[in-house]
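# Structure assessment
One letter stands for each residue in the lines below.
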Amino acid sequence: MNNQKETKERTQSTRTGNSRNRNRNNRNRNQSRGQGRPRSGGASTHSTPKKRATTKTTNKKRSRGGNRRNNRRRSMTNPALTHRMAQKDERAVVLPEVTDEDTVRVIPMSGVEQIGRNMTIVETKDDIIIFDIGFEFVSPDKNAPGINYILPNTQYLEERKHKIRALVVTHGHLDHIGGIPFVMERIGNPPIYTQYLTSLMILKRQEEFPHLDPVQMNVVKEGDSFTVGSTKIETFPVTHSIPDAMGVSVKTKHGDVVITGDIKLTHEDGEVIPEERKDWEKVGENNNLLLVCDSTNADRSGWSAPEGAVFNSLEEIINGATGRLIIGTFASQFDRLISIINACEAAGKKVVMEGRSIKTNIDIALTAKLFKVKPDTFINAGDMGDYPADRIVVLSTGAQGEEFAALMRMATDKHKFIKLTERDTIVLSSSVIPGNEIAVQKLKDNIYRKNVKVINYRSAAVHSSGHGNAGELIWVQQTVKPKFLLPVHGHHYHLKSHMYASVENGFPKENIAVPDNGTIVDITNGETMVVHKERAPSELIYVDGFTVGARQEVVLRDRQSLAEDGMFVIIATVNTKTGKLRKSPDIISRGFVYLRENQQLLSEARVLIKKTVEKNTEKMHPIDLDMVKDELADTVSGFLMQKTQKSPMVIPVLIGI
């Protein structure tokens, strides 16, 4: 049997029960077995076997997944100790490679049907260059309980690993670098090219994955050029909400592919400052074939608020605070964090850093010498009592309502040192990321229950987006003067908004491609753009605790079933000679009904269990407990549905003695 071969590995079986609303006449039985973590081979501390044993699927064995350590409060950045790769879809269309010098292919592998998870590739006859590998945090609408975050699909790249020359990273936000540790080994660990601050952020994350091979880091400066394979790449500075952000121009035979990364413009009342105008005009002097452009705020008309106004507003709030000031912001907003710390020093105030990511990024900023700080500026939260309240400023994570972040712990009286009072002022220096609306509302409700003063971006200029509005995107487009346009980074309506704004300002509609994840765009001879019907594989890849792989339908469906209807566990001892129960079965209910208040249901269930087991074991020689368990699960599921109109996961445990 297959199990005999698998016993040499560290196997662990988990029983799965009845799925909600399944077809009772055609059930695929519910036992999924997980293989232990693969051990590293040779000198490589992270390598996984190139070929993985495939498992045949039967009616009683629907899927095989990886073990998952049960640690609900695990940090989101803990290392994935197992890389269980997504299996290739053998039915997928085989996509031809680029085989001629007159064709350049661009594929937004991810990041164009959602906010986050950004990755784009440019392919020529000889080379593939990857731009950014981010991840996406899981929002409730994804219906994926227990999943940490979602990665881009790399199957297309794995099949063309021999052509991959480099990973170029435009900036250090997690939606552009977060996926790097999870997929680098799958794509051959290509060299990374990026600017200094971004390199520090990538390397800092790699420290949390000690089982991986070191990355090959190449630090470039904005304006530098470098060649990978036979392809030349030029970089140029862009403005974003993080230092060392850059755009890139990929040189091809018939023109440049310009990739902006995330951008906004530094401007004064719609007039771009001379330094930035000069940078973009220099890009526009080239023969630009295609502009791959940020679309995150394309649905907003006009120009975005300048970050300078935010600095001035926060400085006024810091200087005018008469009590303790707590500022919730994004840890990746380096310029904002630095300006807050500088303003605190100027006002003679002490800074408390609350949140691991803020502490990490401040350390990185100091290492990168982005600013200097006096030795006594930072204090620990436990030492706040040594200073007057009006001299304390707390920099906190959690402005998006994360359950275990510092700001939510303060709002729910779970923080060890900080208890909110009426004298406190809280500044929410961030906008609401789509998908976080409910969590942020819950955070605000909890804060307001403490009767503290709250300042947010709607009531004061305490936040500015790092992405340009439609007016800025059109300015960039008209300055760069590309022949074709590929909007990226955003939901479909963001991309379409970008397209509409471009067409309204004179850009030919037929020269715009609005992509989905995996859309293949070929430009031939610099004249013709073809959007293929076939797409590169784009199935979601999940990080689930200690495993990485494609969606496990059985596991996620069972988690959803448990969340909705609970579980009903039956434990019974069976005499293997007579088929009779040795004693009344034990029943455990979790999330289904409260057994103490449903004694009648419990009694009827025990009688039904006894009858079902003994009926099915009658004249059965030898007794097959697996078959009896299947019949028992079916019968009890139907009984519970009839009595309660609920369909809990029924898990029978029969012990033969």
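Residues numbered from 1 in each chain as written. Predicted model: local features only at pLDDT ≥ 70, side-chain atom pairs only at ≥ 80, totals over all residues. Heavy atoms only, no water.

### Some details on unusual backbone geometry
Backbone geometry places aspartate 132, a non-glycine residue, at a positive phi of 70°. Looking at the element boundaries, aspartate 132 is found in the loop between β6 (128-131) and β7 (136-137). Among the residues examined, aspartate 132 registers a relative accessible area of 4% and is labelled buried. The phi dihedral of lysine 369 is positive, around 60°, even though this residue is not glycine. Structurally, lysine 369 is set in the loop between α9 (356-367) and β21 (392-396). (Helix = DSSP H or I, 4+ residues; strand = E, 2+ residues; numbered from the N terminus. Buried < 20%, exposed > 50% of the residue type's maximum accessible area, 1.4 Å probe, protein only.)

### Topic: the nonpolar core
Ile130, Leu157 and Ile180 are the most contacted members of the largest nonpolar core, which has 63 residues in total. Among the elements that take part in this core, helix α8 (residues 334-346) stands out by supplying seven residues, more than any other. Among residues more than four places away in sequence, those in contact with isoleucine 180 are Ile133, Leu167, Val169, Ile192, Ile202 and Gln206. (Core = buried A, V, L, I, M, F, W, Y, C linked by side-chain atoms within 4.5 Å. Contact = heavy atoms within 4.5 Å.)

### A few points about the sheet that holds strand β19 (residues 325-329)
With parallel pairing, five strands are arranged side by side in an open sheet as β20-β21-β19-β22-β23. Each end of this open sheet is capped by a strand with a single partner; those strands are β20 (350-354) and β23 (453-456). Taking the axes of each pair of neighbouring strands and ignoring which way they run, one obtains an average angle of 20° across the sheet. Strands in contact with α8 are β19, β20, β21 and β22 (425-429); relative to β21, the strand with the most contacts, it is inclined by about 170°. (Pairing = 2+ DSSP bridges. Axes fitted to C-alpha atoms, helices over the stretch in contact; angles between N-to-C directions.)

### Observations regarding the side chain of threonine 231
Structurally, threonine 231 can be placed in strand β13 (residues 231-237). The buried category is assigned to threonine 231, whose relative accessible area is 3%. There is a polar contact of 2.7 Å between the side chain of threonine 231 and the side chain of aspartate 127. Apart from residues lying up to four places away in sequence, threonine 231 is in contact with Thr124, Asp127, Ile129, Phe226, Val250 and Lys251. (Polar contact = N/O pair within 3.5 Å; in protein donor to acceptor, adjacent residues only side chain to side chain.)

### Comments concerning the pattern of salt bridges
Inspection of the entire model under this criterion finds 25 salt bridges. With a closest N to O distance of 3.7 Å, glutamate 158 and arginine 186 form a salt bridge. With a gap of 28 residues between them, glutamate 158 in helix α2 (residues 155-158) and arginine 186 in the loop between α4 (180-183) and β10 (192-194) connect regions that are remote in the sequence. Using a relative accessible area of 3% as the deciding quantity, one classes arginine 186 as buried. For lysine 629, the salt bridge is made with aspartate 626, and the minimal N-O distance between the two is 3.4 Å. Here lysine 629 and its partner aspartate 626 are both found in helix α16 (residues 625-644), three residues apart, which amounts to about one turn of the helix. Classification of aspartate 626 as partly exposed rests on a relative accessible area of 46%. Shared partners join several salt bridges into a network, and the residues in it are Glu113, Asp516 and Arg535. (Salt bridge = Lys/Arg side-chain N within 4 Å of Asp/Glu carboxyl O.)

### Considerations on the side chain of serine 249
The topology assignment puts serine 249 in strand β14 (residues 246-252). Setting aside chain neighbours within four positions, we find serine 249 in contact with Lys232, Ile233, Glu234, Phe236, Asp256, Val257, Val258 and Val283.

### Examining the confidence of the model for the protein
Here the protein shows a mean pLDDT of 82. Residues at 70 or above account for 81%. With pLDDT under 50 throughout, residues 1-91 is counted as low confidence; its partners more than four residues away or in other chains account for 177 contacts. (pLDDT = per-residue confidence, 0-100.)

### Regarding the packing of aromatic side chains
In this structure the tally under the stated criterion is four aromatic pairs. Aromatic pair phenylalanine 182 and phenylalanine 209: ring centres 5.3 Å apart, planes at 85°, arrangement edge-to-face. In this pair, phenylalanine 182 is assigned in helix α4 and phenylalanine 209 in the loop between α5 (196-206) and β11 (217-219), connecting sequence segments 27 residues apart. Taking the centre distance of 5.8 Å and the plane angle of 90° together, the rings of phenylalanine 568 and phenylalanine 592 count as edge-to-face. Note that phenylalanine 568 is positioned in strand β29 (residues 567-574) and phenylalanine 592 in the loop between β30 (586-590) and α15 (599-617), a separation of 24 residues in sequence. For the pair phenylalanine 568 and phenylalanine 592, a shared accessibility class is recorded, and that class is buried. A cation sits over an aromatic face here: arginine 160 above tyrosine 156, 3.7 Å from the ring centre. (Phe/Tyr/Trp six-rings, centres within 6.5 Å; stacked < 30°, edge-to-face > 60°. Lys NZ or Arg CZ within 6 Å of the ring centre and 35° of its normal.)

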